[in-house]
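Below, each chain spelled out in residue letters.
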Amino acid sequence: MKKNIRLALTAASCALIQSGTTLAEDEHDVGDWDFSAALLFYNEPDRVQAIEPIFTAKKHLDTDESLTLKLAVDSLTGASGSGAVPTNRPQTFTSPSGEGRYTIDANDIPLDNTFLDTRIAVSAGWEKSINNDLKMVLAGNVSKEYDYLSIGLSTSFAKELRGGNTTIQAGLAAAFDQIEAEGGLPIAFGVMPDEDGDLPRSGSSDDKTVFDVIFGVTQIIDANSLFQINYSVSQADGFLTDPYKLISVVDQFTGVPLFENADSPNLPTVVYENRPDSRLKHSLYGQYKRFLDGDVFDVSYRFMSDDWGIDSHTIDARYRWALSDRSHLTPHLRVYQQAAADFYTGFYVDGDQPTAGDVSRYGSSDYRLGEFMAYTVGLEYGQTSSKNAWSVALEYYLQSGDEPKGKFGELSNQQLYPDVDALMLRVIYDF
């Protein structure tokens, strides 16, 4: 559940790092500190709310060497889709811990509102020029939340060629994660019991590793424009399943979810999902920037393809409009399109669902693995001076997906993939 919320917040969190204004690098003396404080408010109406403060400190160790420290804290509350389908009668679900339950009204999307979590993340990065043309960055990070621990290391190099008109970059990152799901890790396609039953668990924890490699070239085209192109590959192995996601089992004739528990008549028959234990992703990214009499036009495109069957396209455009020498206004538009994973399914028809423990088959009803379009529109205002800078941005996000294939009977009367929207407010202060 929370892993999918993290995915929803990824773009907004990255914006905390990438947006805003920064102080001129040549104004710093050796030993100087730069500080940046950022705050993100994220709200999906009737679903997820998040507050994320980030504090960054950068010390200039030498004229060509610096150390950057960062602290981020996420506070999450609200509810997120469990993956089960709505129906024309109330449904009662067992909480992930197995020690409670929550009830969903008739015709409402099943949302699990039983979570509350805080994540703390710290990172450090060391940047140094090896010579006049070669720069190196070494970084490490640790993040911890209630059921998830992540440790990461990364390094990157950038070398200037042709008098600085061309820069080539290469980077490598590794992450080592441990998942300790509340109530334990579910058995693939195990049936969710009532709160007094034994949870179908395979263990209490598991691991995941992710390795990323990136290569890129930045080319100055003329005095006012540049172009960047990057290729990256990511390999993830280990436990990639969301332990909190469910898939409904429906009657083969009526499409109504099964209710087979005599002791809990409102308990639907749902099974836990199962995803492959590896994922290989390839991404190609291009970005063009142009300076226009004080303004800056910035547009990028990213194509991603993986061995889960997901292909995605992202177009991101910003226009930084200089209102004066010290203030700017930046409208932002992002369009994202994604194809569904090969194993994405909205539900199982009774008799077609995999048996409990069958790890040779995969299935997930997580709407973030489905086919959808997403749009982000926003506006940022900022001011800068020789001593400090600040910016504030408001953005609106809308995700609209295609209904799962094969709907019939009662399912045809329900919206299985409702629109999801969110408001994001960012405030950044550099000093």
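The rules behind the values
Residues numbered from 1 in each chain as written. Predicted model: local features only at pLDDT ≥ 70, side-chain atom pairs only at ≥ 80, totals over all residues. Heavy atoms only, no water. Pairing = 2+ DSSP bridges. Helix = DSSP H or I, 4+ residues; strand = E, 2+ residues; numbered from the N terminus. pLDDT = per-residue confidence, 0-100. Contact = heavy atoms within 4.5 Å. 1 Å grid on protein atoms, 1.4 Å probe; cavity = no way out; pocket = protein on both sides within 12 Å on 5 of 7 lines; lining within 4 Å. Points joined across faces, edges and corners; volume = space filled by probe spheres on them. Nonpolar A, V, L, I, M, F, W, Y, C, P; charged D, E, K, R; others polar. Polar contact = N/O pair within 3.5 Å; in protein donor to acceptor, adjacent residues only side chain to side chain. Salt bridge = Lys/Arg side-chain N within 4 Å of Asp/Glu carboxyl O. Buried < 20%, exposed > 50% of the residue type's maximum accessible area, 1.4 Å probe, protein only. Phe/Tyr/Trp six-rings, centres within 6.5 Å; stacked < 30°, edge-to-face > 60°. Lys NZ or Arg CZ within 6 Å of the ring centre and 35° of its normal. Patch = residues over 30% accessible without salt bridge, like charges linked within 9 Å, V, L, I, M, F, W, Y side chains within 5 Å. Areas by Shrake-Rupley, 256 points an atom, 1.4 Å probe, with all protein chains shown as cover. Core = buried A, V, L, I, M, F, W, Y, C linked by side-chain atoms within 4.5 Å.

Some points on the sheet that holds strand β16 (residues 246–250)
Move 1: The mixed open sheet is built from 3 strands, whose spatial order is β17-β16-β22. Each having just a single partner strand, β17 (270–272) and β22 (348–349) make up the two edges of the open sheet.
Move 2: Here β16 runs beside β22; their pairing, made up of 2 bridges, is parallel. Bridge pairing in β22 links Val-249 to Tyr-348.

Details of the confidence of the model for the chain
Low-pLDDT portions of the prediction should not be read for the details of their coordinates.
Move 1: Summary statistics for the chain give a mean pLDDT of 91 and a share of 94% for residues scoring 70 or more.
Move 2: Across residues 1–26, where pLDDT falls below 50, the model places 79 contacts with residues more than four positions away in sequence or in other chains.

Focus on empty space enclosed by the protein
Move 1: Inspection of every chain in the model, using the stated rule, returns 5 cavities of 30 Å³ or more.
Move 2: Volume-wise, the largest cavity comes out at about 210 Å³.
Move 3: Lining of the largest cavity is provided by 20 residues; of these, Gly-83, Ala-84, Ser-365, Tyr-367 and Leu-416 occupy positions nearest its centre.
Move 4: Residue classes in the lining of the largest cavity are distributed as 12 nonpolar, 5 polar and 3 charged.
Move 5: Here the second largest cavity is characterised by a volume of approximately 90 Å³.

Examining the environment of Tyr-396
Move 1: Among the structural elements, Tyr-396 can be located in strand β24 (residues 389–401).
Move 2: Excluding residues that lie within four positions of it along the chain, Tyr-396 makes contacts with Tyr-375, Thr-376, Val-377, Asp-421, Ala-422 and Leu-423.
Move 3: A distance of 3.2 Å separates a polar atom in the side chain of Tyr-396 from a polar atom in the side chain of Asp-421.

A look at the pattern of salt bridges
Move 1: Scanning all chains against the criterion turns up 15 salt bridges.
Move 2: Between Lys-128 and Glu-65 there is a salt bridge, with its nearest N and O atoms 3.9 Å apart. Residue Lys-128 is located in strand β8 (residues 117–129), and its partner Glu-65 is located in strand β3 (residues 65–78); the two are separated by 63 residues in the primary sequence.
Move 3: Judged by relative accessible area, which is 26%, Lys-128 ranks as partly exposed.
Move 4: For Glu-65, a relative accessible area of 18% translates into the label buried.
Move 5: The partner of Lys-289 in a salt bridge is Asp-298, with the nearest N and O atoms 3.9 Å apart.
Move 6: Asp-298 gets classed as buried once you look at its relative accessible area, which sits at 16%.

Some thoughts on the packing of aromatic side chains
Move 1: Following the criterion strictly, the structure yields 13 aromatic pairs and no others.
Move 2: Where Tyr-336 meets Phe-372, the ring centres are 5.6 Å apart and the plane angle is 40 degrees; that geometry is what we call tilted. Within this pair, whereas Tyr-336 is found in strand β21 (residues 327–338), its partner Phe-372 is found in strand β23 (residues 372–384), the two being separated by 36 residues in sequence.
Move 3: Arg-89 extends its terminal NZ or CZ atom over the ring of Phe-259, reaching a point 3.8 Å from the ring centre.
Move 4: For Arg-201, the ring lying beneath its charged end belongs to Tyr-272, and the centroid distance is 5.1 Å.

Comments concerning a nonpolar patch on the surface
Move 1: A surface patch of nonpolar side chains, amounting to about 920 Å² of accessible area, comprises Phe-55, Leu-71, Ile-120, Val-122, Val-142, Ile-151, Phe-176, Phe-211, Trp-390, Tyr-429 and Phe-431.
Move 2: Along the chain, the position of Tyr-429 falls in strand β25 (residues 420–430).

Describing unusual backbone geometry
Move 1: For Asn-107, which is not glycine, the phi dihedral falls at a positive 70 degrees.
Move 2: Among the secondary structure elements, Asn-107 is positioned in the loop between β6 (101–104) and β7 (111–112).
Move 3: On the basis of relative accessible area, Asn-107 is assigned to the partly exposed category, the value being 46%.
Move 4: In this model, Phe-189 sits at a positive phi of 65 degrees, which is unusual for a non-glycine residue.
Move 5: As for its placement among the helices and strands, Phe-189 is situated in the loop between β12 (185–186) and β13 (201–203).

With respect to the nonpolar core
Nonpolar side chains in soluble globular proteins generally cluster together in the buried interior.
Move 1: Counting 25 residues, the largest nonpolar core has Ala-341, Leu-369, Phe-372 and Tyr-397 as its most contacted members.
Move 2: The set of elements that each furnish at least two residues to this core consists of β1 (33–43), β2 (48–62), β23 and β25.
Move 3: Per-element tally for this core: the top contributor is β25, with 3 residues.
Move 4: Here Tyr-397 is in contact with Phe-372, Ala-374, Tyr-375, Thr-376, Val-420, Asp-421, Ala-422 and Met-424, once residues within four sequence places are set aside.
Move 5: In terms of nonpolar packing, the next biggest core, distinct from the first, is built from 9 residues, Phe-93, Leu-267, Val-270 and Tyr-272 among them.

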